[in-house]
Amino acid sequence: MSAFSHYLKPLFTVALAFLLVSVPAFAQEHEASSHGEELNVGDVIMNHVKDDHVWHFWDGHYGTLYLPVIVYSSERGLEIFSSRNLFDDHHNYVPYKGYRKEGSRIVHESGASVVDLSITKNVAMLFLNAALMLFVFLTVAGRYKKNPAKAPSGLQSFMEPVILFVRDEIVKPNIGPKYEKYLPYMLTLFFFILFGNLLGLLPGAANLTGNIAVTLTLAFFTFLITNFSGNRNYWSHIFWTPGVPLPLRIIILPVELIGVFTKPFALLIRLFAAITAGHIVILSLLCLAFVFRAYWVGGVASAFVVLISLIEILVAGIQAYVFTLFSSLYIGMAIEEHDHH
Amino acid sequence: MLFALLVDISYAIMGAGIGAGLAAIGAGIGIGRIGGSAMEAMARQPESANKLQGSMLIIAALVEVIALFAIVICFLISIREA
């Protein structure tokens, strides 16, 4: 008896993990298989991974959240309406006030250029992420402010080791003595990416940090901070590398200039590729069961998906760590003062 | 004849499949080498096992991302319909 109860807890955990990842598969698949047609795996996966004006949770009348569409054009000004108007009852695109949804863009029938500022799925997810971060960190900070001498408890004791890890292992060794100026940005970056990655793994969630626009913005902030904090040493190393003969300096100049841009570019591509590819792998395995239409395939695929989801949780943490680490490395290189030879 | 081969989408999809396999080989070799050197270093000096494990995981994540990049491209090719 005691041997069985010893395994009860891990068994329960594994069963719970199975159930958690089986939920996303219930959704769209009903629509295609009930019509007796082949499931278009590519479409299902791309719809999950890309941004959209509606947030589709499950098939059914109440399963779709029609997010607001905000478009601005110089002829018609700012127009705000629910995206429900852009669909008819059979989920086909219909025009509304001249605006029509074409794929993931919104165009106006008169050909006027519209600026799409809608609250799309990823924007709503971003708001959710921001709200979660505000809640967590305002709670933790409030507890510290209220009673600084008390030992941490609850949410504090969960967050404190992570915050200290970011400060002591990532920011302090790489940025050096002036790290406190950059610490708020680094902490925000780390936790935004970490929470965004982890939230994206939940069923029904939007792929926030796998959106190239989001990672572009994060890399752009790092780019701005690196180059605005760059001191004389940094710029002189780029434009006029010391200790190198003159002809080589002319060659090194364009290489270094390109390097200024490729470093944040690598950050952006790394995060985007890791998170998006992770989602695509999980979704492909889930769709396998619907392509083969066999129960045993479903069972094996679900086991694989549990394993890969665990790896994805690890990848979520590692990608946040790597982004923050490289950002602090670049900033550290930009502000370091060392005595020249 | 060769041009007709190029325009036929099924060869592109076969290429995508081969590309995904090559990406897997690349990731396997890269991460295998990292793991191998980490194992060797840990065997030589067991006290440094924790530090090595941390670095190993991080570098494995970096190498893996490149392979995932190739996977994403192969996937995008394979869902094209001519």
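Counting of residues starts from 1 at the beginning of each chain's written sequence and follows it residue by residue. Chain labels run from A onward and ligand labels from 1 onward, assigned in the order the entries are written. Totals for whole chains, interfaces and linings use all residues, but because this is a predicted model, local features are given only for residues with pLDDT of at least 70 and pairs of side-chain atoms are given and counted only at 80 or more.

Here the focus is the overall build of chain B. Only DSSP runs of H or I reaching four residues or more are called helices, and only runs of E reaching two or more are called strands; each is numbered from the N terminus. Secondary structure assignment for chain B yields three helices and zero strands. Counting from the amino terminus, chain B carries its helices and strands in the arrangement α-α-α. For a compact globule the rule gives 2.2 Å times the number of residues to the power 0.38, and the radius of gyration it is set against comes from C-alpha atoms. Relative to the compact-globule value of 12 Å for 82 residues, chain B shows a C-alpha radius of gyration of 19 Å, a clear excess of over 25%. Burial status across chain B gives 12% buried among its 82 residues. Look at the contacts in chain B between residues 6 or more apart in sequence, and 78% of them connect residues 24 or more apart. Backbone-placed C-beta atoms define the burial measure: a residue is buried with 20 or more other C-beta atoms within 10 Å of its own, exposed with 12 or fewer, and partly exposed in between. By the convention adopted here, residues make contact when the C-beta atoms placed from their backbones lie within 7 Å.

Residue and element names in this part refer to chain B. Inspection of the secondary structure puts arginine 33 in helix α2 (residues 9-44). A tally of 12 C-beta atoms within 10 Å means that arginine 33 is categorised as exposed. Along the primary structure arginine 33 and isoleucine 59 are separated by 26 residues, whereas in three dimensions their C-alpha atoms are 11 Å apart.

Chain A puts 12 residues into the contact, and the matching count from chain B is 11 residues. Only α9 (246-292) and α10 (295-335) of chain A provide two or more residues apiece to the side of chain A that touches chain B. In terms of residue count, α9 of chain A provides more of the side of chain A that touches chain B than any other element does, six residues in total. Across the side of chain A that touches chain B, the residue classes break down as eight nonpolar, three polar and one charged. Nonpolar residues are Ala, Val, Leu, Ile, Met, Phe, Trp, Tyr, Cys and Pro. Charged residues are Asp, Glu, Lys and Arg, and all others, Gly as well, are polar.

Residue ranges assigned to each domain were obtained from an automatic or database domain assignment. For chain A, the assigned domains are domain 1 (68-118) and domain 2 (121-335). When each unit is reduced to the centre of its C-alpha atoms, the spacing between domain 1 of chain A and domain 2 of chain A is 33 Å.

Locating threonine 139 of chain A in the fold gives a position in helix α4 (residues 121-146). For threonine 139 of chain A, a count of 14 C-beta atoms within 10 Å puts it in the partly exposed group.

The next point concerns the sheet that holds strand β4 (residues 77-82) of chain A. Residues and elements named next belong to chain A. What makes two strands pair is DSSP finding at least two bridges between them. Across the sheet, which stays open at both edges, the three strands sit in the order β4-β3-β7 with antiparallel pairing between neighbours. Each of the sheet's edge strands pairs with one partner strand only, and the pair in question is β4 and β7 (115-116). Note: strand β3 (residues 68-73) against β7, two bridges, orientation antiparallel. Paired with tyrosine 72 across the strands is valine 115, a residue of β7.

Residue and element names in this part refer to chain A. Angular values range over 0 to 180 degrees, each being the angle between N-to-C directions of two axes fitted as lines to C-alpha atoms, with helices fitted over their stretch in contact. Close contact between helix α3 (residues 41-49) and α9 brings their axes to 10 Å; oriented N to C, the two are set at 145°. In this structure, α3 meets α9 at a crossing whose hand is right-handed. Where α3 abuts α9, its residues Val41, Val44, Ile45, His48 and Val49 lie against Thr276, His279, Ile280, Leu283, Ser284, Cys287 and Val291. Throughout, a crossing is termed right-handed when the near helix is turned clockwise from the far one, and left-handed when it is turned anticlockwise from it by less than a right angle.

This part takes up the packing of α9 of chain A against helix α3 (residues 49-78) of chain B. Here α9 of chain A crosses α3 of chain B at 60°, and the two axes come no closer than 9 Å. When the axis of α9 of chain A is compared with that of α3 of chain B, the two are oblique. The handedness of the crossing between α9 of chain A and α3 of chain B comes out as left-handed. Residues Arg270, Ala273, Ala274, Thr276, Ala277 and Ile280 of chain A of α9 of chain A touch α3 of chain B, and the partners they reach there are Val65, Leu68, Phe69, Ile71, Val72 and Phe75 of chain B. Residues of the contact of α9 of chain A with α3 of chain B, tallied by class, amount to 10 nonpolar, one polar and one charged. Any angle that is under 35 degrees is reported as roughly parallel, and any over 145 degrees as roughly antiparallel; angles of 65 to 115 degrees are reported as roughly perpendicular and all others as oblique.

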